[in-house]
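Residues per chain, in single letters:
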Amino acid sequence: MGATASIETHSVLDKEQTKAFVGKSFSEDLWSMHANSNGYIPSETLLDLVAQSDSREVPIRLIEFDAFCAHGQFPRCPQDSALLTDSRVADLSSAVVVFVSHAWLSPQHPDTAHHEKYQLCVQGVRQLLTLCSPTTTAASSSASAPQCCFLWMDYSCLDQGGGPAVALKTPPLSRIFSLCHCMCTPLLPPSSSSSQHLEYHQQQQQQDDVSADGYAESWQAEGAGADYISRSWCRLEMLYA
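Since we're looking at a predicted model, the values are computed, not measured.

Undergrad: Would you mind going over the pattern of salt bridges with me for this structure?
TA: Note that side chains of opposite charge can pair when their charged atoms are close. By the definition in use, this model includes three salt bridges. Linking Arg-88 and Asp-86 is a salt bridge whose minimum nitrogen-to-oxygen distance equals 2.9 Å.

Next comes the structure, spelled out in structure tokens:
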């Protein structure tokens, strides 16, 4: 949907003005769905429709789990963008798509110098695939796997040069989650003496209270997940899952 004319906010448009604004994207269905009984559409409604249409044109980029495993560390976008696949052309009909949700360990990088979170993530996704899709053999030696696995994570799939928080506006986080079947959270221990933790959230699983007894001790104030749940963005991702 491309605007061919400008409109003022907090105004209303009649049918002809709407046609001029949305151009070829105008349809009688669009008009009948959004026009009020007086024959007008609020300008804010049209601006929202244009924004939604534009966001659908922005590709969601995924990384195949096999390529992720072979890379040896978290790929960084855009340097490693050759590893990414446009979700619009990827065959996702029989694929498992995993959203990797995590708190970065520093403002510059999400992992340790020894790639410990990456290794935990590889381990965790492999375990997750056996739980949610036993026939999936991604990142294995089998060439006859009936399914494959894709990952989405901010560091690997969003342009880090342009600011990932800005990039999440187009496409929005909600559209990314609409492609994903589950979410994996790799939690590194606060000290070397602690054990590592993996947490999974399946979209179909309903929980009455995301902050209560259903979570492991790792989420508590002294656990590996304390930094994770203290971040509003991470809590938003938990809510989406």
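Undergrad: Mind showing me how you'd approach the pairing of strand E5 (residues 96-100) here?
TA: Moving residue by residue along a regular strand, the side chains alternate between the two faces of the sheet. Burial runs high along E5: five of the five residues are buried. Residues Val-96, Val-98 and Val-100 of E5 are buried on one face, and the alternating residues Val-97 and Phe-99, pointing to the opposite face, are buried as well. In the sheet, E5 pairs with strand E6 (residues 149-152) via four bridges, with the strands oriented parallel. When the sheet's bridge partners are listed, Phe-99 is paired in E6 with Trp-152.

Undergrad: It is not clear to me how the nonpolar core should be interpreted in this structure. Could you clarify?
TA: In summary, soluble globular proteins display a tendency toward joint burial of nonpolar side chains. Ranked by size, the top nonpolar core spans 45 residues in total, and within it Phe-65, Phe-68, Val-98, Phe-99, Leu-151 and Trp-152 carry the most contacts. In terms of residues, this core owes the most to one element, helix H5 (residues 116-132), which gives six residues. Setting aside residues up to four positions removed in sequence, Phe-99 forms contacts with Trp-152, Leu-173, Ile-176, Phe-177, Cys-180, Cys-182, Met-183, Cys-184 and Glu-237.

Undergrad: For this particular structure, what's the right way to read helix H10 (residues 232-240)?
TA: For H10, the full list of buried residues reads Cys-234, Glu-237 and Met-238. Taken end-on, H10 shows its buried residues confined to a sector of 105°, consistent with a single buried face. Along H10, exposed side chains directed more than 90 degrees from the buried face belong to Ser-232 and Leu-239. Lining the buried residues of H10 we find E5, helix H8 (173-177), strand E7 (182-187) and helix H9 (226-229).

Cut-offs used in this document
Numbering of residues starts from 1 in each chain and follows the order in which that chain's sequence is written. Per-residue local features of the predicted model are confined to residues with pLDDT of at least 70, and side-chain atom pairs are confined, for both listing and counting, to 80 or more; whole-chain, interface and lining totals are unaffected and use all residues. Side-chain metrics rest on all non-hydrogen atoms present in the structure, leaving aside hydrogens and water. What makes a salt bridge here is a side-chain nitrogen of Lys or Arg within 4 Å of a carboxyl oxygen of Asp or Glu, nothing more. Between buried and exposed lies partly exposed: a residue is buried under 20% and exposed over 50% of the maximum accessible area for its type, with that area taken using a 1.4 Å probe on protein chains only. Only DSSP runs of H or I reaching four residues or more are called helices, and only runs of E reaching two or more are called strands; each is numbered from the N terminus. We call two strands paired when DSSP finds no fewer than two bridges between them. For this analysis, a nonpolar core means a set of buried residues of the types Ala, Val, Leu, Ile, Met, Phe, Trp, Tyr and Cys, connected via side-chain atoms within 4.5 Å. By definition in these notes, contact holds between two residues if any of their heavy atoms fall within 4.5 Å. The arc in question is the one spanned by the directions pointing from the helix axis to the C-beta atoms.

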